[in-house]
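What follows is the residue order along each chain.
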Amino acid sequence: LTSLSWRRMKANDRERTRMHNLNCALDALRDILPALPEDAKLTKIETLRFARNYIWALTETLRMDAQHHSDGASASPSALDSASPAGCVYDSCDRLHTYTGDDGTSCTVW
DNA sequence: TAGGCCATCTGGTCCT
DNA sequence: AGGACCAGATGGCCTA
C-alpha cells in the first residue's frame, strides 16, 4: 500500500463516519417529528422540509396564541393542525415561500 | 425500464 | 500537514 492510498483510505473512512453521523442526526430529527405513520419513513429532503415547516407552524402557533391572549378572542385553530407539507409552496432552492392553511388564508414566510 | 433515493468514493477547499 | 466539509460522479436497490 502506498502512503497516498493509505491516506485516501483513511479519508474515505472518516467521510463514511461523517455521513453516518449525519444520518443519525436525521434519524433523531425524524423521531421528534409528529403524526407520521410508523411505516412511512421520510426521505432526507422530506425530513428537512417537514422539519422546517413544523418549526414554522410552532412559531405561528405561539404567535397566534400570544395574539389571542392580548385580544381576548376565542381560540383560533392551531397552525400545527395544518402543518403537513401539502399547503406549502417552495422556491427553486427548496425554501418555504408560501403556506396556505385549511381556512384558505396564506402566509408568505419572508 | 426510467426515475428517485441512497451510500460510497474522490478531489478540491478551508481551517486548525 | 492533517482533518473537516463539500459537491460531483458512480453504481446499487427499489418502485411505478
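Residues numbered from 1 in each chain as written. Chains lettered and ligands numbered in written order. Predicted model: local features only at pLDDT ≥ 70, side-chain atom pairs only at ≥ 80, totals over all residues. Heavy atoms only, no water.

In the nomenclature of an unreviewed UniProt entry, chain A corresponds to BHLH domain-containing protein from the organism Gouania willdenowi. In UniProt, chain A has this text filed under Subunit (unreviewed entry): "Efficient DNA binding requires dimerization with another bHLH protein." (UniProt positions renumbered as here; feature names shortened; annotations may be inferred.)

This paragraph deals with the overall build of chain A. Assigned secondary structure in chain A consists of two helices and three strands. For chain A, the N- to C-terminal ordering of α and β elements is α-α-β-β-β. For chain A, the proportion of its 110 residues judged to be buried stands at 20%. A fraction of 23% describes how many contacts in chain A between residues 6 or more apart in sequence connect residues 24 or more apart. If you sum the accessible surface of chain A, you get close to 8100 Å²; carbon and sulfur atoms cover 59% of it. (Helix = DSSP H or I, 4+ residues; strand = E, 2+ residues; numbered from the N terminus. Buried < 20%, exposed > 50% of the residue type's maximum accessible area, 1.4 Å probe, protein only. Contact = heavy atoms within 4.5 Å. Areas by Shrake-Rupley, 256 points an atom, 1.4 Å probe, with all protein chains shown as cover.)

Looking at DNA strand C, the residues that line it are Arg14, Glu15 and Arg18. Sugar plus phosphate: this is where 67% of the atoms of DNA strand C within 4 Å of the protein reside. Between DNA strand C and glutamate 15 there is a distance of 3.3 Å, counted from a base nitrogen to a side-chain nitrogen or oxygen. (Near = heavy atom within 4 Å. Polar contact = N/O pair within 3.5 Å; in protein donor to acceptor, adjacent residues only side chain to side chain.)

For DNA strand B, the full set of nearby residues is Arg8, Asn12, Glu15, Arg16, His20, Asn23, Thr43 and Lys44. Note that a phosphate oxygen of DNA strand B is positioned 2.8 Å from one of the side-chain N or O atoms of lysine 44. At six residues, the largest contribution of residues to the surface near DNA strand B is made by helix α1 (residues 3-32). For the surface near DNA strand B, the class distribution of residues is no nonpolar, four polar and four charged. (Nonpolar A, V, L, I, M, F, W, Y, C, P; charged D, E, K, R; others polar.)

Mapped onto the elements of the fold, phenylalanine 50 is located in helix α2 (residues 44-71). Given a relative accessible area of 8%, phenylalanine 50 falls into the buried group. Distance from phenylalanine 50 to leucine 33, taken between C-alpha atoms, is 8.0 Å for residues 17 residues apart in sequence.

Moving on, we come to the side chain of arginine 30. Within the secondary structure layout, arginine 30 lies in helix α1. On the basis of relative accessible area, arginine 30 is assigned to the buried category, the value being 14%. Polar contacts involving the side chain of arginine 30 include one to the main-chain carbonyl oxygen of leucine 42, which spans 2.9 Å. Apart from the residues within four sequence positions on either side, arginine 30 is in contact with Lys41, Leu42, Thr43, Lys44 and Thr47.

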